[in-house]
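For reference, the chains in residue letters:
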Amino acid sequence: MAAFFQQVVSGLASGGIYGALALAIVLIHRATGVINFAQGEMAMFSTYIAWTLTTNHGFSYWPAFAVTLLVSFLGGVGIHRAVIRPVERGPQIRVVIITIGLLLLLNGLAFWIWSGEVRAVPSPFPAGTIDIGGVAISWSDIGTIAVCLTSVLVLSAFFRFTKVGLAMRAAAVNPSEARLVGVRVSSMLGLGWGLAAMLGAIAGMLTAPNVFLDPNMMQAVLIYAFAAALLGGIDSPIGAVVGGLILGVGLNLLGTYVDFVGSDLKLPAALLVILGVLLLRPAGLFGKTVVKKV
Amino acid sequence: MNRKLMMTCVALVVALALGVTAAIAGTVRGGSDPGITDNSILLGGTAPLTGPASQYASVARGAEAYFKYLNATKGGINGRKITYKYADDAYNPAQSVPVTRQLVEQDKVFAIFNSLGTAHNVAVRPYLNAMKVPQLFVASGATTWGRDYAQYPYTIGFQPSYQAEGWVYGKYLSRTAPGAKVAVLFQNDDYGKDLLGGLKRGLQRSKVKVIAAQPYEVTSPDVASQIAKLKASGADTLAIFATPTFAIQAFQFANKLGWKPKHVINNAVASASTSMQIASSAGQNKLVNGTISIQFLKDPTDPKWKNDPAMKLYRTIMKKFAPSANVADPLHVYGMAAAWTASDALKKAGKDLTRESLRKTLDTFTATGNPFMLPGIAVKTAGKDHYPVEQMLLQKWQNNSWNSFGGLWGYRAS
């Protein structure tokens, strides 16, 4: 039984990371209506900034954390300004393709600047583990999930209770009418990119102490994050995190107790989740089905 | 976002996740050998300059530095200066094929040398052999290079085979830890499977058993779940047959779970001391101490070679011809050892160098005294034995560096 719970705990920890990145994907989708394929690489890039600050510039963890969030926010807004805005009004597929270009660009840049060497990134949480009935739970796992849940609460509150949040939703759902009532649509979309980059930075900094930092760190995570975002409903922040946790635990248990899945078929299983959700319940677990008049 | 676009996105995710393979077709040409003049030899190769295995790019850079040194101080080989042109395949076999064809057909290289990766070299092997282009010193320890020599006579490997390496670990455990229960984490491809197979061969008829083995995919984000399963098996020895990132994770997760296997064996050694230092979290992860691995090269961080003339030469070459590279990275030594051997073979193939004369030279070949390899290790082929390097030393991770111990181990893969 201890083995079962150990798998659940390890699944929750991975799930928290999928959820954190899924949250960033959901945020951009909610704010701008597109899927950002470069989300993982943006997170990786931010993590490198944090690593450089702590390793080469003598920052301690939390100042580096704050500076990274700020830089990421500005970077997100900057990316939106520079490459997304010019094509925003065209077909969505153009934006999607630009984000794929960004993925390759950021990945190549990271290799060029920091080389492919594996780096250790400090964790903000204590190193030890607590033992509950033979199940080892590390503080960093608990911290990851806690940060993830906090982010989702803050984000939901932001969208629901603040004027800016409401304006962002309006700008995404119906740009022309939002503009009529005085919402500065383009700034709202830029804000969405900035916030998503910030969330991505958090996801990256949570992931790196566990999986170690290299330029490809987030590529595998990204696919699971997509699955998590879709499972929870691509528009629902809470759904993204819950989807991440379900996916993390589900895949671990599947790998442990279903022989032919094993550890090798986890990725196909995640892809199957994406496909299944889109075919059976496109709105996901927490999403609302959108009906459009044509 | 509408459903159609969503489906397009899914298709893109699938494409990103899987990658595609390309077919190859080769044609045979006659005529004189390209890539060679009275004062030059052009060698080509593929290397992962970007992508998931870009740490291994140092293998090509080390070799390049050695050729530059040779050109500058000795005027090349038999009066011919060597140019080594390596191109990026992003560690993707589907890219190795067109890149290699380009090197052969457009750049007109004399031979392919030191291309990295198992699947990558397997993908271009039929083409190169059909074109009769030597595929020199493949940077991979798969057994197929030596085993399938009769079918692909233009291809030759270099380093000890993974099977031999696994066998050495098996023998070492059966001698030093009778009754040990071994858990194995391995990469789910030829590389991990050859190591696991070798380990099992080494353990035959001994009291040591492999009681659990867990594969992982290179595309997975981490190996936490596998380590939890291996711990649950009750094993007291952990063998990690993985690439550096996953090996580091394995050490970290095992430590986190409070698992303290007695002997830990890994092969992340190839890429080095830096990975081991990260794995040990600057000495905090005690699990890493006493880790066993193999080596056939001189490790630039091993204090034993501090005043060794060859390693002094190595540092001088690096300083002059690869000034921005990390001198402590042993993969540069690997590249130099391969380049040294290639130079030796080219010299022995004679003044009238052709692809055919090079192949014949390597057919029965002995090169002793490679300064970058551990003393006593020879590069040798003869008759049916086409495994150039078959000897190695065991080494232990202690006091933040690898320390070799014991005598030479040798094993012929099959």
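Preceding this section is the structure that the text describes.
Note that the structure is a prediction, hence the values are computed from the model and not measured.

Engineer: Could you give me a rundown of the overall build of chain A, with the residues and numbers involved?
Structural biologist: When helices and strands are counted, chain A shows 11 helices and two strands. Taken from the N to the C terminus, the helices and strands of chain A come in the order α-α-α-α-β-β-α-α-α-α-α-α-α. For chain A, whose C-alpha radius of gyration is 19 Å, the value lies close to the compact-globule estimate of 19 Å for 294 residues. The principal-axis extents of the C-alpha atoms in chain A amount to approximately 60 × 50 × 35 Å. Looking at chain A as a whole, 57% of its 294 residues are labelled buried. In chain A, the share of contacts with a sequence separation of at least 24, taken over all contacts with a separation of at least 6, comes to 74%. Summed over its atoms, the accessible surface of chain A is roughly 12,400 Å², and 71% of this surface lies on carbon and sulfur atoms. The positive charge centre, built from 16 side chains, and the negative charge centre, built from 10, are 21 Å apart in chain A.

Engineer: Got a sec to walk through the overall build of chain B? Specific residues and values, please.
Structural biologist: Along chain B, the regular secondary structure elements total 13 helices and 14 strands. Taken against the 2.2 N^0.38 rule, which gives 22 Å for 414 residues, the C-alpha radius of gyration of chain B at 22 Å falls within 12% of a compact globule. Over its C-alpha atoms, taken along the principal directions, chain B stretches across nearly 65 × 65 × 45 Å. By residue count, 61% of the 414 residues in chain B fall in the buried class. For chain B, restricting intrachain contacts to residue pairs at least 6 apart in sequence, the fraction spanning at least 24 positions comes to 71%. Only carbon and sulfur atoms are counted for the fraction: they give 53% of the accessible area of chain B, which is about 15,900 Å².

Engineer: Which residues make up the interface of chain B and chain A, and what are the values?
Structural biologist: Each partner contributes residues to the interface: chain B has 42 residues there, and chain A has 52 residues. Together, the buried faces of chain B and chain A total about 3,900 Å²; carbon and sulfur atoms form 69% of this surface. Put simply, chain B and chain A have one salt bridge between them. Where D141 of chain A meets K256 of chain B, a salt bridge forms, and the shortest distance between an N and an O atom there is 3.7 Å. Where chain B meets chain A, there are six residue pairs in polar contact (both at pLDDT 80 or more). Of the residues forming the side of chain B that touches chain A, the biggest block, 12 residues, is contributed by helix α1 (residues 3-18) of chain B. Looking at the side of chain B that touches chain A residue by residue, the class counts come to 21 nonpolar, 16 polar and five charged.

Engineer: Tell me what's going on with the packing of helix α1 (residues 2-32) of chain A against helix α9 (residues 217-232) of chain A, and back it up with residues and numbers.
Structural biologist: Residues and elements named next belong to chain A. Contact pair α1 / α9: the axes reach a minimum separation of 8 Å and the direction vectors enclose 70°. Classed by the angle they form, the pair α1 and α9 counts as roughly perpendicular. Contacts between α1 and α9 involve I17, Y18, L21, A22, I25 and V26 on the former and, on the latter, M218, V221, L222, Y224, A225, F226, A228 and A229. Here the contact of α1 with α9 is composed, by residue class, of 14 nonpolar, no polar and no charged.

Engineer: Any details on helix α12 (residues 330-348) of chain B? Residues and values, ideally.
Structural biologist: All names here are of chain B. Helix length check: α12 (19 residues) gives 27 Å between terminal C-alpha atoms against 27 Å at 1.5 Å per residue, within 8%. In terms of burial, α12 is a largely internal element, 17 of the 19 residues being buried. One side-chain oxygen at the N-terminal end of α12 lies 2.9 Å from the backbone nitrogen of L331; it belongs to D329. Phi for G350, located one or two positions after α12, is positive at around 95°.

Engineer: Could you give an account of a positive patch on the surface, with specific residues and numbers?
Structural biologist: Together, R81, R85, R89, R179 and R184 of chain A line one region of the surface with positive charge. Inspection of the secondary structure assignment puts R81 of chain A in helix α3 (residues 61-84).

Engineer: Kindly report on unusual backbone geometry, identifying the contributing residues and their values.
Structural biologist: Although it is not a glycine, F212 of chain A adopts a positive phi angle of roughly 70°. Topologically, F212 of chain A is positioned in the loop between α8 (185-211) and α9. Even without a glycine there, the phi angle at Y91 of chain B is positive, about 55°. A relative accessible area of 27% means that Y91 of chain B is categorised as partly exposed.

Engineer: Go over a nonpolar patch on the surface with me, naming the residues and quoting the values.
Structural biologist: Together, I238, I246, L285 and F286 of chain A give the surface a local cluster of nonpolar side chains, amounting to about 350 Å² of exposed area. Structurally, I238 of chain A can be placed in helix α10 (residues 237-257).

Engineer: For the packing of helix α5 (residues 139-161) of chain A against α10 of chain A, give the residues involved together with the corresponding values.
Structural biologist: Residues and elements named next belong to chain A. Viewed as axis vectors pointing N to C, α5 and α10 meet at an angle of 165°, and their least axial separation amounts to 9 Å. Compared by their axis directions, α5 and α10 come out roughly antiparallel. When the axes of α5 and α10 are compared, the crossing they make is left-handed. Note on element contacts: α10 touches α5 through P237, I238 and V241, opposite C148, L149, V152, L155 and S156. Among the residues making up the contact of α5 with α10, the classes are represented as seven nonpolar, one polar and no charged.

How each quantity is defined
Residues numbered from 1 in each chain as written. Chains lettered and ligands numbered in written order. Predicted model: local features only at pLDDT ≥ 70, side-chain atom pairs only at ≥ 80, totals over all residues. Heavy atoms only, no water. Helix = DSSP H or I, 4+ residues; strand = E, 2+ residues; numbered from the N terminus. Rg over C-alpha atoms; globule rule 2.2 N^0.38 Å. Buried < 20%, exposed > 50% of the residue type's maximum accessible area, 1.4 Å probe, protein only. Contact = heavy atoms within 4.5 Å. Areas by Shrake-Rupley, 256 points an atom, 1.4 Å probe, with all protein chains shown as cover. Lys, Arg positive; Asp, Glu negative; His and termini not counted. Charge placed at Lys NZ, Arg CZ, Asp CG, Glu CD. Buried area = accessible area lost by both parts, 1.4 Å probe. Salt bridge = Lys/Arg side-chain N within 4 Å of Asp/Glu carboxyl O. Polar contact = N/O pair within 3.5 Å; in protein donor to acceptor, adjacent residues only side chain to side chain. Nonpolar A, V, L, I, M, F, W, Y, C, P; charged D, E, K, R; others polar. Axes fitted to C-alpha atoms, helices over the stretch in contact; angles between N-to-C directions. Parallel < 35°, antiparallel > 145°, perpendicular 65-115°, else oblique. Expected span 1.5 Å × (residues − 1). Patch = residues over 30% accessible without salt bridge, like charges linked within 9 Å, V, L, I, M, F, W, Y side chains within 5 Å. Left-handed = near helix turned anticlockwise from the far one by under 90°.

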